[in-house]
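# Fold and contact review
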Amino acid sequence: MPAAKWNPPKVEKPQRLIFLEPDEARRAHDLLDPRDRPMFVFLLGTGVRLSEALGLQWRDLDFKRKLIHIDRQLSVFTRTFTTTKSGKSRIVPMSATVETALSGLPAGSGEDLVFPGMRARFGDAMRALHGPLGKRVTAHSLRHTFASWAIQAGVNITTVSRILGQSTSAVTETYVHFLPKHLTEGVDAVSDAFSTPSILS
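All of the points below concern the structure found in this document. Since this is a predicted model, take the numbers as computed values, not measurements. (Residues numbered from 1 in each chain as written. Predicted model: local features only at pLDDT ≥ 70, side-chain atom pairs only at ≥ 80, totals over all residues. Heavy atoms only, no water.)

### Comments concerning the pattern of salt bridges
Note on pairing: side chains with opposite charge can pair once their charged atoms come close. Spelled out, the test is: Any Lys or Arg side-chain nitrogen located within 4 Å of an Asp or Glu carboxyl oxygen qualifies as a salt bridge. The numbering of helices and of strands both runs from the N terminus, where a helix is a DSSP run of H or I of at least 4 residues and a strand a run of E of at least 2. Three exposure classes are used, based on accessible area relative to the maximum for each residue type with a 1.4 Å probe and protein chains only: buried under 20%, partly exposed in between, and exposed over 50%.
As enumerated under the stated definition, the model contains 9 salt bridges in all. Across the pair Asp 36 and Arg 121 runs a salt bridge whose closest N-O atoms are separated by 2.7 Å. Here the residue Asp 36 occupies a position in the loop between α1 (22-31) and α2 (37-46), and Arg 121 occupies one in helix α5 (residues 119-127), the gap between them amounting to 85 residues. A salt bridge links Arg 90 to Glu 52; its shortest N-O distance comes to 2.7 Å. Of this pair, Arg 90 sits in strand β5 (residues 90-93) while Glu 52 sits in helix α3 (residues 50-54), and the two are 38 residues apart along the sequence. Here Arg 90 matches Glu 52 in class, with each residue buried.

### A look at the packing of helix α8 (residues 157-164) against helix α9 (residues 168-175)
Note the cut-off: Structural elements are reduced to axes, namely lines fitted to C-alpha atoms, with helices fitted over the stretch in contact, and the angle between N-to-C directions of any two is expressed from 0 to 180 degrees. For classification purposes, an angle smaller than 35 degrees is called roughly parallel, one larger than 145 roughly antiparallel, one from 65 to 115 roughly perpendicular, and anything else oblique. Between two residues, a contact is recorded if the distance between any of their heavy atoms is within 4.5 Å. Classification convention: Asp, Glu, Lys, Arg as charged; Ala, Val, Leu, Ile, Met, Phe, Trp, Tyr, Cys, Pro as nonpolar; all other residues, Gly among them, as polar.
Relative to each other, α8 and α9 sit at 110°, their axes nearing to 9 Å. Comparing their axes, α9 and α8 come out roughly perpendicular. The residues of α9 that touch α8, namely those facing Ile 157, Thr 158, Val 160, Ser 161 and Leu 164, are Thr 168, Val 171, Thr 172 and Tyr 175. Grouping the constituent residues of the contact of α8 with α9 by class yields 5 nonpolar, 4 polar and no charged.

### Observations concerning the environment of His 29
Its place among the elements puts His 29 in helix α1. Judged by relative accessible area, which is 2%, His 29 ranks as buried. Each C-alpha atom of the pair His 29 and Phe 194 lies 9.8 Å from the other, and the pair is 165 residues apart in sequence.

Laid out in structure tokens, this is it:
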């Protein structure tokens, strides 16, 4: 019989979970161009995906109730607006830090995009941080950072999963090593990390 060719299945290497420590986040913020800082703080303070932030409209922001409605995203491949990755809408709380960052943006209304034309620009901004921070920082790293800080602060893992738009099991599997020994009611971890008065100046 002729020798049969057998291609063993490829085993994907587990990706390293990259997140920022509070001092690294503050340094990154200071290194960024002021035009990129609102997006940085928004992603860090909400845990939303970059594609979801790019699809955000001003009508999705409820400043009165401090809520952010996430119901669509900007597809990287088709460059069109689609439903979120999970296919579901969700509501994300707006912290004081995020509200301050949003208030620094040019005013918009209705269907105007909150972060227009930021996809390529923000990617370049993140890559510029690799050298100074010694980490391959990406927009997704900020999502990991949000989840890591929140869980370390004692935020219920079910709450974190709802904010991220992921299943509880997926969040547990990814961030279980950050769970504190004694769970307590969570605090605004991002606002605490950015408590330096001059951080958003």
